[in-house]
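Listed here are the chains, written in short residue letters.
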Amino acid sequence: MHQAHLTVTRHTTADGVLVLALAGEIDHTTADTFRQALTVDDGSFRHAVIDFRDVTFMDSSGINVLVAANNAAQTGGGWLGLAHTPARVRDLLHIVGLDDVLPLYPTLNLALEAQNAA
């Protein structure tokens, strides 16, 4: 049986935006890693961009993490943006209607520029 693997790299920009770069697969075995990466010392982030460039697979477990993260961000007056979403991930986001809720950007720089202008 194949064990999914997810690597998360995170940093915070000078403007205080949490940036996550994900690589691998997001499923029920890795969703907690994704969820924990979105948690900061005080419990949640205010502004975040997630770079999906190296994500090869995502199922409903990843959708659940995104919905919860977006709700938490909006509750705190913040936002969540997605960058470099591969076609497979974009298709899934479209099927569940999240592409109408979460802004999708072709590059990380465009996501950060757009969000900083907001």
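As shown above, the structure is provided for reference.
Now for a quick tour of the structure. (Residues numbered from 1 in each chain as written. Predicted model: local features only at pLDDT ≥ 70, side-chain atom pairs only at ≥ 80, totals over all residues. Heavy atoms only, no water.)

### Describing unusual backbone geometry
Piece 1. A positive phi angle, close to 55 degrees, is found at His84, a residue other than glycine.
Piece 2. Of note, His84 is situated in the loop between strand E4 (79-83) and helix H3 (87-95). (Helix = DSSP H or I, 4+ residues; strand = E, 2+ residues; numbered from the N terminus.)

### Let's talk about the nonpolar core
Piece 1. In this structure, Leu22, Phe34, Leu38, Ile50, Phe52, Met58 and Leu66 are the most contacted members of the largest nonpolar core, which totals 27 residues.
Piece 2. At the level of elements, strand E2 (18-26), helix H1 (31-37), strand E3 (47-58), helix H2 (60-75), E4 and H3 are the ones that each hand at least two residues to this core.
Piece 3. With nine residues, the next largest nonpolar core counts Val17, Val49, Tyr105 and Leu108 among its residues. (Core = buried A, V, L, I, M, F, W, Y, C linked by side-chain atoms within 4.5 Å. Buried < 20%, exposed > 50% of the residue type's maximum accessible area, 1.4 Å probe, protein only.)

### Observations concerning the pairing of E4
Each regular strand shows side chains that alternate between the opposite faces of the sheet.
Piece 1. Burial runs high along E4: five of the five residues are buried.
Piece 2. Here E4 shows a buried face lined by Trp79, Gly81 and Ala83 and a second buried face lined by Leu80 and Leu82.
Piece 3. Looking at chain direction, E3 and E4 are connected through five bridges and run parallel. From the neighbouring strand, Ile50 faces E4, where its bridge partner is Leu82.
Piece 4. Between the parallel elements E3 and E4, the chain passes through H2 in a crossover that is right-handed. (Pairing = 2+ DSSP bridges. Right-handed = clockwise from strand over helix to strand, strands pointing away.)

### Things to note about H3
Piece 1. Within the span of H3, buried status applies to Val89, Leu92 and Leu93. Projected onto a plane normal to the axis of H3, the buried residues spread over an arc of 100 degrees and lie on a single side. Turned more than 90 degrees off the buried face of H3, the exposed positions are Arg88, His94 and Ile95.
Piece 2. Each element contacted by the buried residues of H3 is listed here: E3, H2, E4 and strand E5 (104-105).
Piece 3. The positive-phi residue at the C-terminal boundary of H3 is Gly97, with phi of around 80 degrees. (Arc of directions from axis to C-beta. Contact = heavy atoms within 4.5 Å.)

### Overview of the pairing of E3
Piece 1. With eight bridges connecting them, E2 and E3 associate as parallel partners. Within the sheet, the bridge partner assigned to Ala21 lies in E3 and is Asp51.

### Side note on the packing of aromatic side chains
Piece 1. In total, this model carries one aromatic pair according to the counting rule given.
Piece 2. Consider the rings of Phe34 and Phe52, whose centres lie 6.4 Å apart with planes at 90 degrees: the pair is edge-to-face. With Phe34 in helix H1 and Phe52 in strand E3, this pair connects stretches of sequence that are 18 residues apart.
Piece 3. Of the residues examined, Phe52 reaches a relative accessible area of 0% and is grouped as buried. (Phe/Tyr/Trp six-rings, centres within 6.5 Å; stacked < 30°, edge-to-face > 60°.)

### Here's the deal with the sheet that holds E3
Piece 1. One open sheet accounts for five strands, arranged E1-E2-E3-E4-E5; its pairing is mixed. Among the strands making up the open sheet, the edge pair consists of strand E1 (6-12) and E5.
Piece 2. Both E4 and E5 contribute to a ladder of two bridges, which runs parallel. Within E5, the position partnered with Ala83 by the bridge is Tyr105.
Piece 3. Together, E2, E3 and E4 form the strand contacts of H2, whose direction differs from that of E4 by roughly 140 degrees. (Axes fitted to C-alpha atoms, helices over the stretch in contact; angles between N-to-C directions.)

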